[in-house]
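For reference, the chains in residue letters:
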Amino acid sequence: MRFRKRKRCFPSCSSLHRVDEDEIYWRRRKEDKELEWSHNSTHLISQLAQCFTNAMVGSRSWIGGLFNRANTRRSSEKFIDYPLTPVEEERLQRLQEQLQVPYDETCPDHQEALRELWRCSFPNVSLTGLISDQWKDMGWQGPNPSTDFRGCGFISLENLLYFAKAYPASFHRLMHKKDGNRAKYEYPFAVAGINISFMLIQMLDLCSAKPRCIPGMNFVKLLGENEEAFNILYCIAFEMMDAQWLAMNASYMNFNEVLQATRIQLERELSLEDINTIQDLPAYNLL
């Protein structure tokens, strides 16, 4: 049962596992429904409008839409293998192992990480419990953030916590939507963060033994230079997404469009030839 739970948390890696006939049947039914959903924009709008009444959107809904579109962007070019340095190989493997860790609401370490995120986010406000309506103030779907982590696992909490600790000014500026002319219905900060984690995993092709795309290949070099490259890239991507949001005068229903534009811009920067460190990325200056 633990094996199946992990597979649901990481849909991008599901093709790596063997499943029985019952699972194949239900997976095919699920894929048929997702395909129908992705081609029916009216249904999509009505579903999000329903979420609107609760003032939050489920992370899995957003992630599912992004994943369907990401699949259409796969390159048909033949993959050419490339060597990794021992440091690059070790750090890539360590990162990939992190991606496989689901959030466990019964794990003391995971509980403490969630409490630490609250302390970093609202240092002057006491948290009443790990299940509390207070979490909605940070942009979670409901009173229990653990339900949102099912979309991407523990790595998404680690990303948010790193952002809060390493770049607290940027973190609070984005969380409280301090810059620019804001829409009446803004994106929920925490759920947006989970989507950014998932977007980066897909964009960098981190569930392959080695990334097979140019941005992913170049990222591995950055990872060899700085072990925190993925966390820092996450922070950069969050800043880029918010900047795109403002530039596009976006509102709640435009989030996936904004995230896709952010991905395209980030792919371009990671494809530049003169990027040798994470600090060389043009968007690093946003932090």
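These numbers were taken from a predicted model, which means no experiment stands behind them.

Draft legend 1. Expanded view of the packing of aromatic side chains. Evaluation of the coordinates by the stated rule reveals 13 aromatic pairs. Ring centres of Phe163 and Tyr234 lie 6.4 Å apart, and the angle between their planes is 85°; this geometry places the pair in the edge-to-face category. Here Phe163 is found in helix α8 (residues 154–166), whereas its partner Tyr234 is found in helix α12 (residues 229–247), with 71 residues between them in sequence. For Tyr234, a relative accessible area of 0% puts it in the buried group. Note on Phe189 and Phe238: the rings are 4.9 Å apart at their centroids and 25° apart in plane angle, and the pair reads as stacked. Note that Phe189 is positioned in helix α10 (residues 189–203) and Phe238 in helix α12, a separation of 49 residues in sequence. Against the face of Tyr187 rests Lys177, its NZ or CZ located 4.4 Å from the ring centre. Directly above the ring of Tyr82 sits Lys210, whose terminal nitrogen or CZ lies 5.2 Å from the centroid.

Draft legend 2. Quick peek at helix α6 (residues 108–121). The end-to-end C-alpha separation of α6 is 20 Å, in line with the 20 Å expected for 14 residues at 1.5 Å each. Along α6, the residues that are buried comprise His110, Gln111, Ala113, Leu114, Leu117, Trp118, Cys120 and Ser121. Looking at the buried positions of α6, the neighbouring elements they touch are α7 (146–149), α8 and α9 (168–175).

Draft legend 3. Main features of unusual backbone geometry. Positive phi outside glycine occurs at Asp205, with the angle close to 55°. Its place among the elements puts Asp205 in the loop between α10 and α11 (214–225). Here Asn249, not a glycine, exhibits a phi torsion of approximately 50°, which is positive. Tracing the chain through its elements places Asn249 in the loop between α12 and α13 (255–270). Of the residues examined, Asn249 reaches a relative accessible area of 67% and is grouped as exposed.

Draft legend 4. Broad picture of the packing of α10 against α13. Running from amino to carboxyl end, α10 crosses α13 at an angle of 40°, the nearest separation of the two axes being 11 Å. When the interaxial angle is binned, α10 and α13 end up oblique. The handedness of the crossing between α10 and α13 comes out as right-handed. Contacts between α10 and α13 involve Ala192, Asn195, Ile196, Met199, Leu200, Gln202 and Met203 on the former and, on the latter, Phe255, Leu259, Thr262, Arg263, Leu266, Glu267 and Leu270. Here the residues of the contact of α10 with α13 are counted per class, giving 9 nonpolar, 3 polar and 2 charged.

Draft legend 5. Structural context of α9. For α9, the set of buried residues is Ser170, Phe171, His172, Leu174 and Met175. If you follow the buried residues of α9, they end up packed against α6, α8, α10 and α12. Positive backbone phi, approximately 50°, marks Lys177, located one or two places after α9.

Draft legend 6. View of the pattern of salt bridges. A complete count under the given rule lists 13 salt bridges for this structure. Across the pair Arg115 and Glu112 runs a salt bridge whose closest N-O atoms are separated by 3.9 Å. Taken together, the residues Arg115 and Glu112, both in helix α6 and 3 residues apart, mark about one turn of the helix. When its relative accessible area of 32% is taken as the criterion, Arg115 is described as partly exposed. A salt bridge links Arg173 to Glu239, with the nearest nitrogen and oxygen atoms 2.5 Å apart. A residue pair is termed long-range when its members are at least 10 positions apart, and Arg173 in helix α9 and Glu239 in helix α12 qualify at 66 residues. In this structure Arg173 comes out as partly exposed when scored by relative accessible area, which is 21%.

Rules used in this analysis
- Residues numbered from 1 in each chain as written.
- Predicted model: local features only at pLDDT ≥ 70, side-chain atom pairs only at ≥ 80, totals over all residues.
- Heavy atoms only, no water.
- Phe/Tyr/Trp six-rings, centres within 6.5 Å; stacked < 30°, edge-to-face > 60°.
- Helix = DSSP H or I, 4+ residues; strand = E, 2+ residues; numbered from the N terminus.
- Buried < 20%, exposed > 50% of the residue type's maximum accessible area, 1.4 Å probe, protein only.
- Lys NZ or Arg CZ within 6 Å of the ring centre and 35° of its normal.
- Expected span 1.5 Å × (residues − 1).
- Contact = heavy atoms within 4.5 Å.
- Axes fitted to C-alpha atoms, helices over the stretch in contact; angles between N-to-C directions.
- Parallel < 35°, antiparallel > 145°, perpendicular 65-115°, else oblique.
- Left-handed = near helix turned anticlockwise from the far one by under 90°.
- Nonpolar A, V, L, I, M, F, W, Y, C, P; charged D, E, K, R; others polar.
- Salt bridge = Lys/Arg side-chain N within 4 Å of Asp/Glu carboxyl O.

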